[in-house]
Structure formats: structure tokens, C-alpha cells
Amino acid sequence: MDVSYDLLLNAILSGLLLGGFYAAVSIGVAISFGMLDIVNIAHPAFILLGSYAAFIGNSYFGLDPILAAVIALPFFYLLGMAVYQVYYVAFERRDDQSLRGLSFFFGLMFITEVGLVLIFGVDYRLVQARYIGESLRLGPIELPFRLLVPFIVSMVTVVGLQLFLAKTFLGRAIQAVAQDQLALRLMAANPVRIKRIAFGLSIATAALGGAILIIIQPVEPSIGREYIGRVFAICVLGGLGSFSGMVIAAVTLGIVETLTSTLFGPSWAPAVSFGVLLITLAVRPSGILGR
Amino acid sequence: MASSLTIANVDAGYAAVRVLEDVSIDVRAGETVALLGTNGNGKSTLMKCIMGIVRPTAGSITATIDGAAHELVGLTTEEIVDLGIAFVPEGRRLFPKQSVLENLQLGAYRPKARAALRQNLDFCFEAFPRLKERAKQLAGSMSGGEQQMLALARALMSAPRILLVDEPSVGLAPLLVSRTIDKIKELKDGFNLTVLMAEQNFTQAIRIADRGYVIVHGRIAFAGESAEALNNNDLIREFYLGA
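Residues numbered from 1 in each chain as written. Chains lettered and ligands numbered in written order. Predicted model: local features only at pLDDT ≥ 70, side-chain atom pairs only at ≥ 80, totals over all residues. Heavy atoms only, no water.

### With respect to the sheet that holds strand E9 (residues 211-216) of chain B
Residues and elements named next belong to chain B. Spatially, E6-E7-E8-E3-E9-E10 is the arrangement adopted by the six strands of the open sheet, whose pairing is mixed. In this open sheet, the two edge strands, each paired with only one partner strand, are strand E6 (85-88) and strand E10 (219-224). Along the sheet, successive strands turn relative to each other by an average axial angle of 15°, direction set aside. Alignment of strand E3 (residues 32-36) against strand E8 (residues 194-199), held across five bridges, turns out to be parallel. By the bridge assignment for E8, leucine 35 is matched with alanine 198. Helix H1 (residues 43-50) contacts E3, E6, strand E7 (162-166), E8 and E9 of the sheet and is inclined by roughly 145° relative to E8. Across the sheet, helix H8 (residues 174-191) touches E3, E7 and E8, and the angle it forms with E8 is around 165°. (Pairing = 2+ DSSP bridges. Helix = DSSP H or I, 4+ residues; strand = E, 2+ residues; numbered from the N terminus. Axes fitted to C-alpha atoms, helices over the stretch in contact; angles between N-to-C directions. Contact = heavy atoms within 4.5 Å.)

Structural data, given as C-alpha cells:
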């Protein structure tokens, strides 16, 4: 096989950038599934909602898609809190969450998708921004801004949330809430409130993830399904509850997929990435940085 | 200022099973009071009633914190802890996947404790040097004795005025039991606390208790006004000393 050094280097770098995108769409699940034990399989649907929010801001108001997402953040946060409240009252409070809760999120996913189809139709939508289409050239390396900007936004979000979780009382409580709710109450913290805030944050990240998605590729309402498997795989691979692990897993998956696509063709990419997941879990059942 | 706890005529139970009947207990300011009794007599249930985890069917529980009286029945656990009452539950209930330091930081969640976090952390690390050595270790990977120390330290991080400890000796080797009991005394003096301690291990508990109550089948069977009175009580001989 004849693969040039430049091609390999570019494949690794675009894999790294792809990993940044994967991290952005996985942050929310790293919170809800990794820290709160809430299997929110509707998360990719919320990301699509974020994509359409960015689309509206961009095409009707001429806003940068990232800026549109930042404006949408508080609304997504409130939406997340509302969704958690329904989930809590209907399922978690009655200890009914495992199966019925799962079907609740499954239903939510379909409702969101159908809602988007009814409003926006099934056509692909995209956004305009100056950096889409341009590339940063450093010698033989070519980094498209379309991937570079999402990578930076994603990393800033991850670092910001990581600091929040590690340095604030609320953040520490979020990390502990799934381990022992009574113990948390004995620390004077209300676990339901903590989970509501955390789930709100998790959905808020979907606004950013959605903007990033629509910058990278055109979207249609059901495209989120493509990512459900990957997003959960990344969280499990990284180790539940660990943000740094999640980022390492996202980047690993991004690089492995890009390299596989470059060397063996795109159809092998998913097989190889899930192969990586299986092997890692066989060696380290708690994931790369799982506690 | 002084903090005390008064439990008056409390009844409590689970569904149809009545566990506590007309229980009255006084913990005066600055005292260490032992709640004695073997397994299944209602010690833990009484502790849970005080903390708002089990709701009494009758009676009142009043805490006086720094001179202000609060009725605890009807408050949530969070509200009770926020008043300045800390509880070390049976089984310790640490956050096993968080580090020792993270557990201690969580202890200071209560707004009043946050400002004093640094100072209380230094105090805890001084009282429990082992915890300082293991600050980065996950709580779940420590030995039983270390976990009990962490549970005590975490409760103190909330800067409480009243400390409740449920069965500190359970699952510990005899040497560790006496060390834990000594620590409770040391911390009580250091933090100027009022302490109520439920314990099966009579001989250990009585070493640091000013007074004690013996609870049998959910009723207070004997109230000892001094450690001596408890030592010389027939009930205690019968239960603990096999005489």
C-alpha cells in the first residue's frame, strides 16, 4: 500500500478535529448518562434542535451559527430542566426509570424529529459563515476552518464545564448525585434540584453541539440517529463520569475513523471504531479514565 | 452559644410496624449522650426521625441552635442539616467514586460552611493525618476504619453545632473502635459540639458519654443521669454483661 506521509498527517489531524466534534455532541450525554444515570437517548434529537436553532439565527437574522447557539443556550437550559421535571415526576420518583424512562426518551426523540419535519421539512439545511469553505494552510497541512472552529468551541466548552464541575460546590454535587442521594441530602443538598440543574446543563450543551453539527455538515431532522450509537460508545469508552476520558475517547475514535477511511475506505470506519470500544472494554471494563 | 436537642413523646414506624413508642430524650448543650441498645430496638429509627428521613407519627423534636429553637418534624433532611445538625449514618454513606478531598469538600456544601472550608479542612487533616495522606484516593478504596474517619470528618466539614453518630463501631476491629470513640470525644471538644451517639458497644460508648438512655423494643427503658448510673444499672448488666 502506498500512502504518502502528507496524506497520513492530514488524516490524523482531521481525525483530531473530528474528535473535537464528537466530544461536542457527547458532552451532554457524559453529564446525563455518565453522571446522572439518565439514559437520554433523545440527546442527538436535542442536538438537531440546536442545529435548527442555529439555522434560524443564521438564515433569518444573519447571525453567526455559534452566536445563535449561545443565544439559544438559556432556552435549552430551561427546556432541559422542564424535561427532567417531567421525567422525575413520572418515572424517577416512582423508581420506574429503567425501562419506562427509556421509552420516554425514545418517544421524546420521535416527537422532536417529527416536529422538526413538520416545521422545516425533510430537506437538508445548512448555514453560512465566513469561515466555512476556507482552510488554514501550514505547509503540507490543510485544516478546514469548518472543522477547526467547532473543535475550538468544543474544547472551550469541555474545559469550562470541567472547571465548573471540579471547582464549584454545585459541580461537585452533580458528580456525586448518582452515587448516593441520601448522603447528598445529608450534605444539605437537594438531589432533585441538583439533577434538574445538571440535566438543564446537559441539554444546554446540545445547543452548541447542534450549531457545530450544522457548521460541519448540512442537516435533516433524522440525522441525529446516526450519532446515538457513537455518542454512547464514546462515553462508555472514556469512562462514565470522566470528562477527560470522554475527550480522549472522542479524539481516539475520530482519528481511528479517519485513518480507516483513508486507508481502507469509509465503510470500514464504524466497524473499526466499535472494535476499539470492545477491545478497550475487554482490557479496562470501566473505560479509559473510569473510576 | 449553646445548642441542644429535645425529643418529646415520639412515635414512629414503618407501615404497620411500630418501632418507637413515646420516646423522650434530652441532649443538653455541650453534652455527649449515648443511645444504647442492641440491634433492632429502634436506635437508628430515632436518628432517622431527628434527621427527617423517617417521619414520626406523633411527638415533637426540637433543636435549639445557638439559642434559636426549631421544630424539626416536617422539615426536610436538607433543611435540618442546613440548621447545623450533622449526621454520620450507619454504613457511613460516603461517595465511593469521589476522592477523600472531594468527599470533604462536599461536606461543606451548606452555605454557612462554605466560607470556613479552608479552615475546617485544615482542622480535619490535623485531626486525621491519614486523610491528608490519602486526599487523592477514592473513598471507596479505603479500609473500614479510614472510611469511618472520613465519614466523621465529612460531617464536621458542615460546621455543625449538633453531631449525631449512628453506630460508629460497626464493622471495625476492637482497637479501631476505641480509637474512633476517642476521636469523637476529641472532635466534640475541638468543635464545641453537642453529641448524640447511638451505639451497641456499651463499654466503649460509656467512656465518653456524660449520660445515656437505654432503648428496648422502641421504648426508653432507662435514663441514666451519669455514666456511673448506667454502669450500675441492672438492665445494662442483663443486656451487656450477661449477669
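Let's pick the thread back up.
### Let's talk about the pairing of E10(B)
Residue and element names in this part refer to chain B. With five bridges joining them, E9 and E10 adopt antiparallel strand pairing. When the bridges of E10 are listed, isoleucine 215 appears paired with isoleucine 220. Remark: two residues form the turn of the hairpin made by E9 and E10, two consecutive strands paired antiparallel; histidine 217 in that turn has positive phi of roughly 50°.

### Let's talk about the interface of chain A and chain B
Tallying the contact residues gives 21 residues for chain A and 26 residues for chain B. Carbon and sulfur atoms supply 64% of the area buried between chain A and chain B, which totals about 2,300 Å² over both sides. By the criterion of area lost to chain B, the three top residues of chain A are Phe169(A), Met187(A) and Arg291(A), representing 33% of everything that side buries. A salt bridge links Asp180(A) to Arg93(B), with the shortest nitrogen-to-oxygen separation between them at 2.7 Å. Counting the contacts that link chain A with chain B gives six residue pairs in polar contact (both at pLDDT 80 or more). Elements supplying a minimum of two residues to the side of chain A that touches chain B: helix H6 (169-176), helix H7 (181-185) and helix H8 (191-216) of chain A. In terms of residue count, H6(A) provides more of the side of chain A that touches chain B than any other element does, six residues in total. Of the residues assigned to the side of chain A that touches chain B, the class counts are 13 nonpolar, three polar and five charged. (Buried area = accessible area lost by both parts, 1.4 Å probe. Salt bridge = Lys/Arg side-chain N within 4 Å of Asp/Glu carboxyl O. Polar contact = N/O pair within 3.5 Å; in protein donor to acceptor, adjacent residues only side chain to side chain. Nonpolar A, V, L, I, M, F, W, Y, C, P; charged D, E, K, R; others polar.)

### Re the domain arrangement of chain B
Residue and element names in this part refer to chain B. Split by domain assignment, chain B resolves into domain 1 (4-84 + 160-241) and domain 2 (94-158). Using C-alpha coordinates to define each centre, domain 1 is positioned 23 Å away from domain 2. Contacts between the two partners involve 18 residues from domain 1, matched on the other side by 14 residues from domain 2. Of all residues in domain 1, Pro160, Leu187 and Phe191 bury the most surface against domain 2, accounting for 35% of the area lost on that side. Counting across the domain 1 and domain 2 interface gives zero salt bridges. The interface formed by domain 1 and domain 2 holds two residue pairs in polar contact (both at pLDDT 80 or more) in total. For the side of domain 1 that touches domain 2, the secondary-structure elements that each account for two or more residues are helix H2 (77-83), E7 and H8. Of the residues belonging to the side of domain 1 that touches domain 2, the class tally is twelve nonpolar, three polar and three charged. (Domains from an automatic or database assignment.)

### Section: the packing of helix H1 (residues 5-32) of chain A against H8(A)
Residues and elements named next belong to chain A. The interhelical angle for the contact between H1 and H8, taken along N-to-C directions, is 165°, at an axis separation of 8 Å. When the axes of H1 and H8 are compared, the pair comes out roughly antiparallel. Considering the relative orientation of H1 and H8, their crossing is left-handed. Residue-level contacts link Phe21, Ala24, Val25, Ile27, Gly28, Ile31 and Ser32 of H1 to Ala198, Phe199, Ser202, Thr205, Gly209, Ile212, Leu213 and Ile216 of H8. For the contact of H1 with H8, the residue count by class is ten nonpolar, five polar and no charged. (Parallel < 35°, antiparallel > 145°, perpendicular 65-115°, else oblique. Left-handed = near helix turned anticlockwise from the far one by under 90°.)

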